[in-house]
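# Coordinates in review
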Amino acid sequence: MVAGLILAGGRAPGHSAPMAMACEECGRRYPAGGVVCRHDGQLLVPDPRLGQVVAEHRITGLLRPHPVGAIYTVQAPDGTERALVWYDRSVASDAVEADFVQALQALAKLKRHRHLPTILAAGKVGEDPFVLYAPVEAPSLASARRWPPGRVAALGAALARTLADAAERGVHHGALRPSCVYLLEGDRPRIEDFLVRQLGEVEDDEHPPWAYAAPEDDPDHPTEAGDVYALGVMLYT
């Protein structure tokens, strides 16, 4: 499932100001408006990946940075907005890359799962792995108010089955929280952020993953038991 790559430099069309910044020293990415790298104090420059075309999708901005990667917004030739997880090989170890690639390969086998992201393509840009997926446009569980018990039970059952399906293929979430569960029509849930734990520490001030983690949880080694615990806390609250 490796897409062909067409690479081109430049800035995303239609933007007069860069929609993402980068540190030339360490390679970390920052949202628009960033000035100095928090890691090494270097001045930031416009992200050179803006405008680059990967798997026929042009990078238009930064959705979310991570210590060893970034999630970009990208645009298809027909104008459809999608998301691209870019794993920066230059700032990560071989072991971390292996974990990411293994999780990606396992998740790809679940690409038709109705409660998981739809993976559209995967491959490499040079030495950097990437995965292209279709983001969901729906409210997250974080915005939901108190539900009746029957509705909570139905949601919990769907989420539990999804986590079990992923665990059977060796994929564990490791950062389950309300803001990564989206509610489609008919309360059909979709779990996002399955690969963010492999990209490093999750940044979520409102719903930090540690608030839903088991006491014995190891952030660097997600487990099925940890996901089950997080699900229970999430449904209870």
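Residues numbered from 1 in each chain as written. Predicted model: local features only at pLDDT ≥ 70, side-chain atom pairs only at ≥ 80, totals over all residues. Heavy atoms only, no water.

Looking now at helix H3 (residues 224–236). The end-to-end C-alpha distance of H3 is 18 Å, a good match for the 18 Å that 13 residues give at a rise of 1.5 Å each. Listed as buried for H3 are Gly226, Asp227, Ala230, Leu231 and Met234. Along the axis of H3, the buried positions cluster into a sector of 140°, meaning they face one direction only. In H3, the exposed positions that point more than 90 degrees away from the buried face belong to Ala225, Val228 and Tyr236. Buried residues along H3 sit in contact with helix H2 (149–168) and strand E10 (181–184). (Helix = DSSP H or I, 4+ residues; strand = E, 2+ residues; numbered from the N terminus. Expected span 1.5 Å × (residues − 1). Buried < 20%, exposed > 50% of the residue type's maximum accessible area, 1.4 Å probe, protein only. Arc of directions from axis to C-beta. Contact = heavy atoms within 4.5 Å.)

Another aspect to go through is a nonpolar patch on the surface. Nonpolar side chains collect at one region of the surface, where Val35, Val36 and Leu43 lie side by side and expose about 290 Å² of accessible area between them. With respect to the element layout, Val36 can be found in the loop between strand E2 (29–31) and strand E3 (45–46). (Patch = residues over 30% accessible without salt bridge, like charges linked within 9 Å, V, L, I, M, F, W, Y side chains within 5 Å. Areas by Shrake-Rupley, 256 points an atom, 1.4 Å probe, with all protein chains shown as cover. Salt bridge = Lys/Arg side-chain N within 4 Å of Asp/Glu carboxyl O.)

Here H2 contains 20 residues, and its C-alpha end-to-end distance of 28 Å stays within 8% of the 28 Å for a straight helix at 1.5 Å per residue. Those residues of H2 not exposed but buried are Leu155, Gly156, Ala158, Leu159, Thr162, Leu163, Ala166 and Ala167. Those residues of H2 that are buried lie in contact with E10, strand E11 (188–191) and H3. Gly170, located one to two residues past H2, shows a positive phi value of around 80°.

Let us look at the sheet that holds E2. Pairing is antiparallel across the open sheet formed by three strands, whose spatial order is E2-E1-E3. The open sheet terminates on both sides in strands that have one partner only, identified here as E2 and E3. Sheet analysis places strand E1 (residues 20–22) next to E3, joined by two bridges and oriented antiparallel. Bridge assignment links Ala22 to a residue of E3, and that residue is Val45. (Pairing = 2+ DSSP bridges.)

Summarising the model, the chain shows a mean pLDDT of 79, and 75% of its residues fall at 70 or more. Per-element mean pLDDT across the chain ranges from 67 in helix H1 (residues 94–108) up to 96 in strand E4 (residues 53–54). (pLDDT = per-residue confidence, 0-100.)

One pass over the full model with this rule turns up four salt bridges. Its salt-bridge partner being Arg151, residue Asp187 comes within 2.6 Å of it at the nearest N-O pair. Of this pair, Asp187 sits in the loop between E10 and E11 while Arg151 is found in helix H2, placing the two residues 36 residues apart along the sequence. When its relative accessible area of 27% is taken as the criterion, Asp187 is described as partly exposed.

For strand E8 (residues 118–125) and strand E9 (residues 128–134), the ladder comprises seven bridges, and the chain directions are antiparallel. For Ala121, the partnering residue across the bridge sits in E9 and is Leu132.

Counting 18 residues, the largest nonpolar core has Leu141, Leu159, Leu176, Ile191, Phe194 and Met234 as the members making the most contacts within it. Not counting chain neighbours up to four residues away, the residues in contact with Leu141 comprise Trp147, Leu155, Pro178, Val181, Leu183 and Met234. (Core = buried A, V, L, I, M, F, W, Y, C linked by side-chain atoms within 4.5 Å.)

Moving on to unusual backbone geometry. Non-glycine residue Ala55 carries a positive phi angle of around 50°. Here Ala55 shows up in the loop between E4 and strand E5 (57–66). Although it is not a glycine, Glu56 adopts a positive phi angle of roughly 70°. Mapped onto the elements of the fold, Glu56 is located in the loop between E4 and E5.

Next up on the list: the packing of aromatic side chains. What characterises a pair of aromatic rings is the spacing of the ring centres plus the angle enclosed by the ring planes. Taken as a whole and judged by the stated rule, the model has one aromatic pair. For the ring pair Tyr72 and Trp86, a centre distance of 6.3 Å and an interplane angle of 75° mean the geometry is edge-to-face. Taken together, the positions of Tyr72 in strand E6 (residues 69–75) and Trp86 in strand E7 (residues 81–87) put the pair 14 residues apart, joining distant regions of the chain. Grouping residues by exposure puts Tyr72 and Trp86 together as buried. Over the face of the ring belonging to Trp86 we find Arg49, whose NZ or CZ atom lies 4.0 Å from the ring centre. The residue whose ring lies beneath Arg151 is Trp147, and the NZ or CZ to ring-centre distance is 3.8 Å. (Phe/Tyr/Trp six-rings, centres within 6.5 Å; stacked < 30°, edge-to-face > 60°. Lys NZ or Arg CZ within 6 Å of the ring centre and 35° of its normal.)

So, about the pairing of E9. Along E9, seven of the seven residues are buried, which leaves the element largely enclosed by surrounding structure. Burial along E9 is two-sided: the residues Asp128, Phe130, Leu132 and Ala134 and Pro129, Val131 and Tyr133 are all buried. Summarising the sheet, E7 and E9 pair through four bridges and their orientation is antiparallel. Across the sheet, the residue bridging to Trp86 is Phe130, located in E9. The hairpin formed by E8 and E9 contains two residues between the paired strands, and Gly126 there has a positive phi angle of roughly 65°.

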